[in-house]
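What follows is the residue order along each chain.
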Amino acid sequence: MNVVSLRGVTKRFGEHTALDQVDLDVAEGEVVVVIGPSGSGKSTLVRCVHQLEPIDGGAIHLDGELLGYEHHRGGLRPLPPRARAAQRRRIGMVFQQFNLFPHFTALRNVTEAPVRVHGRDRADTERAARELLERVGLGDRMGHYPRQLSGGQQQRVAIARALAVDPRVLLFDEPTSALDPELVEEVLGVLRGLARDGLTMVVVTHEMAFAREVADRIVFMEAGRILETGPPDRLFGSPSSARLRAFLARHT
Ligand code: ADP
Ligand code: MG
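As the structure is a prediction and not an experimental result, all values here were calculated from the model. (Residues numbered from 1 in each chain as written. Chains lettered and ligands numbered in written order. Predicted model: local features only at pLDDT ≥ 70, side-chain atom pairs only at ≥ 80, totals over all residues.)

## Remarks on the sheet that holds strand β3 (residues 31–35)
Pairing is mixed in the open sheet, where six strands are placed in the order β8-β9-β10-β3-β11-β12. Whereas interior strands pair on both sides, the edge strands pair on one side only; in this sheet they are β8 (91–94) and β12 (225–230). Going across the sheet, the axis of each strand differs from the next one's by a mean of 20°, ignoring polarity. Bridge count for β3 against strand β10 (residues 201–204) is four bridges, and the pairing is parallel. Bridge pairing links V34 to V204 in β10. (Pairing = 2+ DSSP bridges. Helix = DSSP H or I, 4+ residues; strand = E, 2+ residues; numbered from the N terminus. Axes fitted to C-alpha atoms, helices over the stretch in contact; angles between N-to-C directions.)

## A look at the pairing of strand β7 (residues 75–78)
Within a regular strand, side chains alternate between the sheet's two faces. One ladder, built from four bridges, connects strand β6 (residues 69–72) with β7; its direction is antiparallel. Bridge pairing links E70 to R77 in β7. Counting the residues in the hairpin turn of β6 and β7 gives two residues, including R73, whose phi is positive at 50°.

## A word on the site of ligand 1
For ligand 1, the full set of nearby residues is F13, H16, A18, G36, S38, G39, S40, G41, K42, S43 and T44. At the level of secondary structure, the elements contributing two or more residues to the shell around ligand 1 comprise β2 (16–27) and α1 (42–49). Ranked by the residues each element gives to the shell around ligand 1, the list is headed by α1, at three residues. Partitioned by chemical class, the residues of the shell around ligand 1 number two nonpolar, eight polar and one charged. (Near = placed C-beta within 6 Å. Nonpolar A, V, L, I, M, F, W, Y, C, P; charged D, E, K, R; others polar.)

## Observations regarding the sheet that holds strand β5 (residues 65–66)
If you walk across this open sheet you meet the four strands as β2-β1-β4-β5, and the pairing is antiparallel. The sheet is open, and its two edges are formed by β2 and β5, each paired on a single side. Bridge count between strand β1 (residues 2–13) and strand β4 (residues 57–62): five bridges; the pairing is antiparallel. Looking across to β4, one finds that L6 is bridged to I60.

Pasting the structure below:
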């Protein structure tokens, strides 16, 4: 069964079509890496899955459940805010900008949402958060505030925070693009570990070596469409479209 499934998903901004009839399935434990030129719709794709943007056509399902809408009198109507929020909590997202709470410690950044939004027990949540921070290599930084952490460390806190709510799928939108080059690898290392642990992930990135190594499947986007998709060896080794060949020539 697919964890995430998109069918004919269309998203417009005014006259501009950012996503044009996109179909995509992400299976349990699969790591899908999304590549493509700037403006091709990669961020819009993950933002639509995370319900940060309403879609204009098609449907997105999470574990077989329609996201954002419910059937009503033979049609669809938007879900009430509370039901939408409940769906969104099953999806984790990590942004290019880490967006940590500056006045909370690393540990509190991880426990805040599970305790306040999900109503989980604080002691249990803290225990789990400590384990997560260990898992991202920050066992010795739990009491630090964001300003006391490097960009790579802040992004690893953001990853721990996204994991803290046990999401069914983790979405990453260029998680290393805001980092100094020497800090990229420590974040990619965490993503590799999560992939090995079997998490279901959709990763937008320009890190082609990482994509090739970690992806079960690559999705190449161009002008709001998925132009090519397949295993990394085939897409990188023998791209069928001139567009992808040109893109790879620029990025590898
Ligand atoms: P990518 O992440 O691949 O660089 P985006 O998904 O950010 O591309 O953007 C796809 C297209 O949609 C671009 O042309 C962009 O300018 C446009 N777009 C994205 N977000 C908005 C928005 N909030 N309002 C208007 N246009 C947008
Ligand atoms: Mg983007």
